[in-house]
Amino acid sequence: MRRISIILLACLAMNVFAKTQSSNGRWSEEKARAWYTQQAWPVGVNYVAATAINQIEMWQAESFDPQTMDMEMQRVEDLGFNTVRIFLHDLVWQVDPKGMKQRLGQFFDICEKHHLKVIVTFFTNGGKPTQPEAKMGKQIESIQGVHNSGWLQTPKAEIVNNPSQWAPLKKYVQDILKTFKNDKRVLMWCLYNEPQNFNRRADSMGLLRAVFQWAREINPSQPLTSPIWGIPAKDTAMDIISFLGENCDVMSIHCYKKPAEMEAFIKQMKRFNRPIICQEYMGRPESTFQEIMPILKRENVGAISWGLTAGKCNFHLQWSSKAGDPEPKVWFHDIFRLDGTPYSEAEIRFIKKMTGKTPPVVTRERWSEKKATEWYSKWGWLRGCNFIPSTAINQLEMWQAETFDATAIDHELRLAENIGMNCMRVYLHHLAWQIDKEGFKNRMNQYLDIAGKHGISTIFVLFDDCWNPTYDAGTQPDPKPGIHNSGWVRDPGNLLFDDANLIDTLEIYAKDILNTFRHDKRIVFWDLYNEPGNNALGNRSLPLLQIVFEWGRTINPDQPLSAGVWDNKLKELTRYQLDESDIISYHNYKDVEHHKTTIDSLKRFNRPIICTEYMARRDKSFFQTIMPMLKENNIGAINWGLVAGKTNTIFAWKNPMPDVKEPPVWFHDIFRKDGSVFSQEEIDCIKQLTGKK
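It should be emphasised that the depicted structure is a prediction, and the values quoted were computed from it without experimental measurement.

Re the overall build of the protein
Part 1 of the argument: Helix and strand counts for the protein come out as 25 helices and 17 strands.
Part 2 of the argument: Once the C-alpha set of the protein is aligned to its principal axes, its extents read approximately 95 × 50 × 50 Å.
Part 3 of the argument: Across the 693 residues in the protein, those meeting the buried criterion constitute 61%.
Part 4 of the argument: Surface summary for the protein: the accessible area is close to 26900 Å², and the carbon and sulfur share equals 51%.
Part 5 of the argument: The distance from the centre of the 85 positive side-chain charges to the centre of the 82 negative ones in the protein is 5 Å.

Structure below.
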């Protein structure tokens, strides 16, 4: 379906390109582009006052609420937004045209006070298939648990389908346009929202043509548009696309889909060779600020999200929500609660960063190439393991007081020392710190003392998106026989999106750890974030990655900062990791040729390189092939796993063997608990390379 839609749209675009200036009064491509270049990047929200359940309640005299509007527009301004999109209703104008225009002008005044421009929408097919009657006066009460229970299609389907009833609509549209046709507070006119949205059996093609004709007769100074919604022609009929492609001054889209689909949509729309504004996006968890906003900004596409305050419309509930449903843990739309507190502090910080509202953080700069190279030369060749004692199933069990096992750590680091290893990469967890801050740091010191006794330095990992389960501090689960890493704990992973205020705790944690150990010479470097975006989180993890680097630069430790590159498909994340890391670290569990290709691509950054994860399956990634190549290229070599224990990492990621005590070929790890080895040949190779033999 996608391939067909692209071909059809391409053919349509070729037809459009043939017309530099159409006879229907449409702006030329040049005029549209010139207009867009004069605007700031349009970024903002679709706005319905929190005290209104629909367009009538928002605009009629008895429920018009300028105080709430002023308060909410202050919130919009504080986010760094510059645009709001609103919906009108023809019935309000029919009853009180003069008052309607006066109130609309009053709203424009409020927006101007807060440095906002307005997109005005006349008609809409949006909302639920079954809707309340459109009438003036008291509107229905909000239904708990139901998304958008009072929204109104305007005009209703029987009018849309009957041209003989359009005369009042023409007067309404043209009166509003005449009044505000040269008003600089109006950014754009959206004549018809989601034409041919099929929910209410309205055939909108005729009215869509008519409203464009009515608007052209007035010829406002602002551009005209109507959105293509969804992936053409899957969600929007080709006759609608064809008409809009030939009549919109500026193209607009709606898309609540995942990042890849948004990018594909924008690519298709660019064939029209006109500015694009996304008038609707942001329906968690598929469409989030963190994933979609960077795409829109990068592509210079206007970004108008859906929803501001969780008010009478219940936009924070899913489309499919039902009466009586509780507030969801993950909101669908909206940014603020009624009292003005954010749904997610992390989102607020991210939005402000994207809009430039956040003042630049005073931080130290990234290390220079020279400083990084000089630092690396002092360490010699780093070689070692990712380490967790065999008695711990995850980071929590390693670090919490009741299960911290100094004896096992001492025994196992001695095994590493005996084969010439000089560096361990070790994961921390904020929950273990949160319940016992000073005790946690004391245990870190105790670990570093033990490691130093064995001539081993440490790389500490602060955050981690890898693996699946989430557990609280306290008693940890027993390992599942034959299951790889069944108890590993992400930090924060999805917790960041489930707990809107977790970011504040993470900031205190990260800064406390970094500040406490900022001068500690036993620490090689800080691996700020392991595999950001893992577990299908994708670019949702980018904001935390960015802010963790900011926290690190603010503390400015003596040790360099890094975050390992692990998946080149996550372009936004990978680009940031490479641009911000003082030294380059990467993960690669593939064969030696793939390693060489990766290393060649990383060498162009002219910084020290450390492979912080390798060695799996022992068919492609194993010591005898990878370790010599890394040494030859002076690249740090930190394999996964030292002693087979509760993590069960001797078993493969995707090959559970619950009935087998030990697989014939280990996946990770080198030693058994008693100090015996999986492969003496491996041990001989390692000792020869480390000079221990």
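Some words on the environment of Asp478
Part 1 of the argument: Looking at where Asp478 falls in the secondary structure, it is placed in the loop between strand S12 (457-464) and helix H19 (495-498).
Part 2 of the argument: Spatially, the C-alpha atoms of Asp478 and Ala392 are 9.8 Å apart, while their sequence positions differ by 86 residues.

Considering the pattern of salt bridges
Part 1 of the argument: Tallied over the entire structure, the rule returns 37 salt bridges.
Part 2 of the argument: Note that Asp520 and Arg522 form a salt bridge whose closest N and O atoms lie 2.7 Å from each other.
Part 3 of the argument: Residue Asp520 is classed as buried on the basis of its relative accessible area, which comes to 13%.
Part 4 of the argument: A single network of salt bridges, built from pairs that share partners, joins Glu263, Lys270, Arg298, Glu299, Glu572 and Arg575.

A closer look at the pairing of strand S8 (residues 276-280)
Part 1 of the argument: Extensive coverage of S8 is indicated by the burial of 5 of its 5 residues.
Part 2 of the argument: Of the strand pairs in this sheet, strand S7 (residues 251-254) and S8 are connected by 4 bridges, and their pairing is parallel. From the neighbouring strand, Ile253 faces S8, where its bridge partner is Cys278.
Part 3 of the argument: Crossover handedness for the path S7 to helix H11 (residues 259-269) to S8: right-handed.
Part 4 of the argument: Relative to strand S9 (residues 302-306), S8 runs parallel, the two sharing 2 bridges. Paired with Cys278 across the two strands is Ala303, which belongs to S9.
Part 5 of the argument: A crossover connection joins S8 to the parallel S9 through helix H12 (residues 289-298); in handedness this β-α-β unit is right-handed.

Examining the pairing of strand S2 (residues 83-87)
Part 1 of the argument: Counting buried positions over the 5 residues of S2 gives 5, a clear majority of the element.
Part 2 of the argument: Here S2 shows two buried faces, one formed by Thr83, Arg85 and Phe87 and the other by Val84 and Ile86.
Part 3 of the argument: With 5 bridges connecting them, S2 and strand S3 (residues 117-124) associate as parallel partners. Residue pairing for S3: Arg85 is matched across the bridge by Ile119.

Brief notes about the packing of aromatic side chains
Part 1 of the argument: With the rule as written, the count across this model stands at 41 aromatic pairs.
Part 2 of the argument: For the pair Trp93 and Tyr172, a centre-to-centre distance of 5.9 Å together with 50° between the ring planes defines the contact as tilted. With Trp93 in helix H5 (residues 90-95) and Tyr172 in helix H8 (residues 167-180), this residue pair connects regions lying 79 residues apart in the sequence.
Part 3 of the argument: Directly above the aromatic system of Phe336 lies the positively charged group of Arg75, at a separation of 5.8 Å from the ring centroid.
Part 4 of the argument: If you follow Lys437 out to its NZ or CZ, it ends over the ring of Trp433, 4.6 Å from the centre.

Overview of the packing of helix H18 (residues 437-453) against helix H20 (residues 502-516)
Part 1 of the argument: Interhelical geometry of H18 versus H20 gives an angle of 40° and a closest axis separation of 11 Å. Relative to H20, H18 is oriented oblique. Relative to H20, the crossing made by H18 is right-handed. Residue-level contacts link Phe440, Lys441 and Met444 of H18 to Asp512, Ile513 and Thr516 of H20.

Considering the state of the cysteines
Part 1 of the argument: For the structure on display, the rule yields 0 disulfides.
Part 2 of the argument: For the unlinked cysteine Cys611, the closest cysteine sulfur is that of Cys423, found at 12 Å.
Part 3 of the argument: For Cys611, a relative accessible area of 0% gives the class buried.
Part 4 of the argument: Cysteine Cys685 shares no disulfide, and the gap to the nearest cysteine sulfur, in Cys385, comes to 13 Å.

Points about helix H9 (residues 205-218)
Part 1 of the argument: Helix length check: H9 (14 residues) gives 21 Å between terminal C-alpha atoms against 20 Å at 1.5 Å per residue, within 8%.
Part 2 of the argument: Turning to H9, its buried residues number three or more, namely Met205, Leu207, Leu208, Ala210, Val211, Phe212, Trp214, Ala215, Arg216 and Ile218.
Part 3 of the argument: Considering only its buried residues, H9 is in contact with S3, helix H7 (157-160), H8, strand S4 (186-193), strand S5 (224-225) and helix H10 (238-247).
Part 4 of the argument: Just downstream of H9 lies Asn219, where phi reads positive at about 55°.

Regarding the sheet that holds strand S6 (residues 227-229)
Part 1 of the argument: Read from one edge of the open sheet, 9 strands run S5-S4-S3-S2-S1-S9-S8-S7-S6, paired in parallel fashion. Where the open sheet ends on each side, the last strands, each with one partner, are S5 and S6.
Part 2 of the argument: For S6 and S7, the ladder comprises 3 bridges, and the chain directions are parallel. Paired with Pro227 across the strands is Ser252, a residue of S7.

Basis of the calculations
Residues numbered from 1 in each chain as written. Predicted model: local features only at pLDDT ≥ 70, side-chain atom pairs only at ≥ 80, totals over all residues. Heavy atoms only, no water. Helix = DSSP H or I, 4+ residues; strand = E, 2+ residues; numbered from the N terminus. Buried < 20%, exposed > 50% of the residue type's maximum accessible area, 1.4 Å probe, protein only. Areas by Shrake-Rupley, 256 points an atom, 1.4 Å probe, with all protein chains shown as cover. Lys, Arg positive; Asp, Glu negative; His and termini not counted. Charge placed at Lys NZ, Arg CZ, Asp CG, Glu CD. Salt bridge = Lys/Arg side-chain N within 4 Å of Asp/Glu carboxyl O. Pairing = 2+ DSSP bridges. Right-handed = clockwise from strand over helix to strand, strands pointing away. Phe/Tyr/Trp six-rings, centres within 6.5 Å; stacked < 30°, edge-to-face > 60°. Lys NZ or Arg CZ within 6 Å of the ring centre and 35° of its normal. Axes fitted to C-alpha atoms, helices over the stretch in contact; angles between N-to-C directions. Parallel < 35°, antiparallel > 145°, perpendicular 65-115°, else oblique. Left-handed = near helix turned anticlockwise from the far one by under 90°. Contact = heavy atoms within 4.5 Å. Disulfide = S-S within 2.5 Å. Expected span 1.5 Å × (residues − 1).

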